[in-house]
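Okay, here's what each chain looks like letter by letter:
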Number of protein chains: 2
Amino acid sequence: MPGPGEFDIIRDYFSGAPQGAGVVLGIGDDCALLQPPAGELLATSVDTLVAGRHFPADGDPALIASRALRVNLSDLAAMNARPLWFTLALTLPESDADWLQAFADGLFMCAREYGVSLVGGDTTKGPLSITVQVTGSSAAPLRRDGARAGDAVYVSGPLGAAAAALPVILGQCEVSDREHRRALAAYYEPVPQLHTAAAIGAIATSAVDISDGLLADLGHICRASGVSAEVQIDALPVAELARALAGERALELAATGGDDYQLCFTVPADKLAELEALAPGAVRIGTVIAGDGRVHNRLNGENWAAASAGYQHF
Amino acid sequence: MPGPGEFDIIRDYFSGAPQGAGVVLGIGDDCALLQPPAGELLATSVDTLVAGRHFPADGDPALIASRALRVNLSDLAAMNARPLWFTLALTLPESDADWLQAFADGLFMCAREYGVSLVGGDTTKGPLSITVQVTGSSAAPLRRDGARAGDAVYVSGPLGAAAAALPVILGQCEVSDREHRRALAAYYEPVPQLHTAAAIGAIATSAVDISDGLLADLGHICRASGVSAEVQIDALPVAELARALAGERALELAATGGDDYQLCFTVPADKLAELEALAPGAVRIGTVIAGDGRVHNRLNGENWAAASAGYQHF
């Protein structure tokens with residue numbers, strides 16, 4: 001039996017989207033009309049999540065929606081941009097009213113939490129996939145290409161939880177109910193580090209969000225900035241959930257596991273006291289050095305090589 | 001054999017994208033950084049094209065890319081917005097170097113033609129689908145909700161060509177080489193009506209682009225504006241290709257066929273001489289009347305009912 005058509009889906013599930021500042025005309029015309037904040041740059045990013053690759057097709061639709069928005073908000077955090085608007089392109093194998101209602105509820109709960117307005121979308125029939133594009137604005141954007149030799153390297157918080165949670169999400173191992181809930185939260189509800197970004201925006205020289213794994217993402221900073229970095233692996237803040245679920249592999253997951261969406265950023269040596277007052281949860285993990293873009297890892301005074309080189313999308 | 005990874009795809013095929021005005025930082029960081037024009041509103045729209053539904057999976061990748069961008073630029077035309085930037089979320093079953101090169105070439109040729117910059121993207125593995133989001137700006141946006149009883153209804157140019165071309169695109173009928181080339185152009189290379197929009201922007205009261213079929217899209221104007229419309233079906237400008245390919249069905253296709261991407265717009269009765277000087281190719285097809293959102297069709301003095309009610313995406 002056919003489900004609701006495209007126009008009904010938008011009207012029934014998404015036209016009640018929360019609308020914040022700057023939205024002159026929201027969903028329902030050929031385009032949304034938006035008033036950008038004067039004197040700031042816009043920051044925009046797009047991510048696609050495909051069922052069976054980025055989330056299980058039978059996952060909770062509210063959590064899937066929340067994750068789709070959060071991973072994009074994290075890209076705004078990495079640039080020190082304040083969230084304004086987002087669009088949703090949803091491809092669905094069939095239009096299931098219960099699934100859509102739960103998806104919209106999860107999406108809007110997250111949108112309200114972060115003060116971001118849904119301003120457009122498209123629904124098409126096909127294999128389940130979700131593309132979200134967020135736009136924010138910034139008076140002091142952070143980029144990947146500003147790290148300089150001598151800067152300190154920081155991460156904004158604990159790492160490894162999402163990678164350790166993945167086997168639980170995929171149903172590959174049995175855990176307690178409490179650990180199952182914590183695994184769901186770690187994987188589906190990462191916290192975009194917008195507050196940390198705002199705190200460090202004026203003193204950090206570069207930033208990236210950790211989606212592909214710390215060492216891979218720090219590598220992006222190094223190559224963009226034309227420097228290298230030395231990381232003290234034993235200094236990494238390992239998430240408690242990673243220790244609980246992954247045991248001895250927790251440190252490896254903290255170094256190379258993706259999907260935590262903490263920030264990795266660099267700060268000039270003469271700003272460290274200021275940084276630690278502004279972002280007390282941040283942890284220093286290494287130092288920027290002159291070099292060719294490589295990340296050098298040290299553990300207990302020895303060179304350390306990761307068993308995996310970070311998550312590859314293909 | 002695995003193809004190139006995500007980072008290589010972006011670097012190899014899309015990092016050479018043409019970059020126009022307002023692009024402070026393009027592809028390669030967590031977000032693009034963009035400088036919006038002062039004193040204008042932004043207009044943004046997103047569309048997903050799924051292989052097997054919106055284009056044949058074995059179609060020419062350069063033409064598929066061109067169509068994906070053009071249908072989005074048409075949404076900007078419908079709002080009288082000038083194209084600035086776009087993003088591309090590409091889901092591919094495998095990464096085929098020849099396909100990607102042809103796709104990028106077609107995309108950039110179209111982007112250069114319309115002066116729009118690719119500023120971000122995402123590539124994921126999965127069934128072929130293409131999501132493009134365009135952003136433009138406008139000092140005088142057109143909306144769907146401004147039509148008033150007494151306004152004249154216009155279309156910007158000939159209709160029915162893309163619908164008549166569809167059986168050729170799908171390989172369901174044999175035509176001459178010349179008609180085959182014309183069918184490919186009508187379906188894959190619709191011309192976003194940006195010049196017409198700029199010409200009529202100051203006097204039109206509403207506008208929509210014709211993606212779902214004239215009568216369906218005029219219905220969107222009527223419902224958004226709280227009016228009805230009377231259309232003289234015999235006044236419709238029928239595309240020559242529609243007559244050549246569809247014969248007697250050409251008029252029906254002009255009324256209900258999708259994918260032409262002409263504009264339908266309304267103009268106050270006292271501005272018709274001005275309109276016809278500004279947009280000499282536009283054709284008057286009816287009149288806005290008081291009513292409840294319905295479109296009433298007349299042919300040779302009789303009521304006329306379409307056999308189909310416009311394209312449904314689900």
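The rules behind these values
- Residues numbered from 1 in each chain as written.
- Chains lettered and ligands numbered in written order.
- Predicted model: local features only at pLDDT ≥ 70, side-chain atom pairs only at ≥ 80, totals over all residues.
- Least-squares fit on C-alpha atoms with pLDDT ≥ 70 in both.
- Contact = placed C-beta atoms within 7 Å.
- Helix = DSSP H or I, 4+ residues; strand = E, 2+ residues; numbered from the N terminus.
- Nonpolar A, V, L, I, M, F, W, Y, C, P; charged D, E, K, R; others polar.
- Pairing = 2+ DSSP bridges.
- Axes fitted to C-alpha atoms, helices over the stretch in contact; angles between N-to-C directions.
- Parallel < 35°, antiparallel > 145°, perpendicular 65-115°, else oblique.
- Left-handed = near helix turned anticlockwise from the far one by under 90°.
- Domains from an automatic or database assignment.
- Core = buried A, V, L, I, M, F, W, Y, C linked by C-beta atoms within 7 Å.
- Buried ≥ 20, exposed ≤ 12 C-beta atoms within 10 Å, placed from the backbone.

Student: Any chance you could break down the relation of the copies chain A and chain B for me, citing the residues and the numbers?
Tutor: It takes a turn of 180 degrees to lay chain A on chain B, together with a shift of 0.0 Å along the axis; the resulting RMSD is 0.0 Å. In short, the pair behaves as if placed about a two-fold rotation axis.

Student: Give a description of the interface of chain A and chain B that names residues and reports values.
Tutor: Every contact between the two is made by 52 residues of chain A and, on the other side, 52 residues of chain B. Those elements that provide at least two residues to the side of chain A that touches chain B are β1 (23-25), β2 (32-34), β3 (41-50), α2 (61-78), β4 (82-92), β5 (117-125), β6 (129-138) and β8 (206-209) of chain A. Ranked by the residues each element gives to the side of chain A that touches chain B, the list is headed by β3 of chain A, at 9 residues. Residues belonging to the side of chain A that touches chain B are distributed by class as follows: 23 nonpolar, 18 polar and 11 charged. Bridging between β3 of chain A and strand β2 (residues 32-34) of chain B involves 3 bridges; their strand directions are antiparallel. Residue pairing across strands places L42 of chain A opposite L34 of chain B, the latter belonging to β2 of chain B.

Student: Any chance you could break down the sheet that holds strand β11 (residues 283-289) of chain A for me, citing the residues and the numbers?
Tutor: All names here are of chain A. The 7 strands lie next to each other as β8-β10-β7-β11-β9-β12-β13, forming an open sheet whose pairing is mixed. The open sheet has two edge strands, β8 and β13 (302-303), and neither has a second partner. By the bridge criterion, 4 bridges tie β8 to strand β10 (residues 263-267) in an arrangement that is antiparallel. Residue S206 lies in a different strand from β10, and its bridge partner there is T266. Where α2 meets the sheet, its contacts fall on β8 and β10, and the angle it forms with β8 comes to roughly 175 degrees.

Student: Quick rundown of the environment of D105 of chain A? Include the residues and the values.
Tutor: Position of D105 of chain A relative to the elements: it lies in helix α3 (residues 97-114). In this structure, the C-alpha to C-alpha distance between D105 of chain A and A164 of chain A, residues 59 residues apart in sequence, is 27 Å.

Student: Explain unusual backbone geometry residue by residue, including any values.
Tutor: Residue and element names in this part refer to chain B. Phi at D259 takes a positive value of approximately 75 degrees, unusual for a residue other than glycine. The residue D259 is located in the loop between α9 (250-256) and β10 (263-267) in this model. Here Y261, not a glycine, exhibits a phi torsion of approximately 60 degrees, which is positive. Among the secondary structure elements, Y261 is positioned in the loop between α9 and β10.

Student: A description of the packing of helix α4 (residues 161-169) of chain B against helix α5 (residues 177-188) of chain B should follow, citing residues and the corresponding values.
Tutor: To describe two helices that pack against each other, one gives the angle between their axes and the distance between the axes. Residue and element names in this part refer to chain B. Where α4 meets α5, the axes come as close as 8 Å, and the angle between the chain directions of the two elements is 120 degrees. By the angle between their axes, α4 is oblique relative to α5. As α4 packs across α5, the resulting crossing turns out to be left-handed. On the side of α4, the interface is formed by A161, A162, A165, L166, V168 and I169, while α5 contributes H180, A183, A186 and Y187. Here the residues of the contact of α4 with α5 sort into 9 nonpolar, 1 polar and no charged.

Student: Just give me the short version of the domain arrangement of chain A, but keep the residues and values in it.
Tutor: Residue and element names in this part refer to chain A. When its domains are assigned, chain A resolves into domain 1 (6-138) and domain 2 (152-303). Between domain 1 and domain 2, the C-alpha centre-to-centre distance is 26 Å. Each partner contributes to the interface: domain 1 provides 13 residues, whereas domain 2 provides 18 residues.

Student: Any chance you could break down the nonpolar core for me, citing the residues and the numbers?
Tutor: Counting 208 residues, the largest nonpolar core has A242 of chain A together with A242 of chain B as the members making the most contacts within it. Each residue touching A242 of chain B, except ones within four places of it in the same chain, is listed here: G160, A161, A164, A250, L253 and A254 of chain B.

Student: Account for the environment of R298 of chain B, with residues named and values stated.
Tutor: Residues and elements named next belong to chain B. Considering the arrangement of structural elements, one finds R298 in strand β12 (residues 295-299). Between the C-alpha atom of R298 and that of G286, which follows or precedes it by 12 residues, the distance is 9.5 Å. Those residues within four positions of R298 in sequence are excluded, and the remaining contacts are E230, Q232, I233, N303 and W304.

Student: Kindly report on the sheet that holds β5 of chain A, identifying the contributing residues and their values.
Tutor: Spatial strand order, β5(A)-β4(A)-β6(A)-β3(A)-β2(B)-β1(B): 6 strands in an open sheet with mixed pairing. What marks the edges here is a single partner per strand, and that holds for β5 of chain A together with β1 (23-25) of chain B. The sheet shows a mean angle of 20 degrees between the axes of neighbouring strands, taken without regard to direction. Pairing of β4 of chain A with β5 of chain A, which is carried by 8 bridges, proceeds in the parallel orientation. Bridge assignment links L88 of chain A to a residue of β5 of chain A, and that residue is G121 of chain A. Docked against the sheet, α2 of chain A engages β3, β4 and β6 of chain A, running at close to 35 degrees with respect to β6 of chain A.

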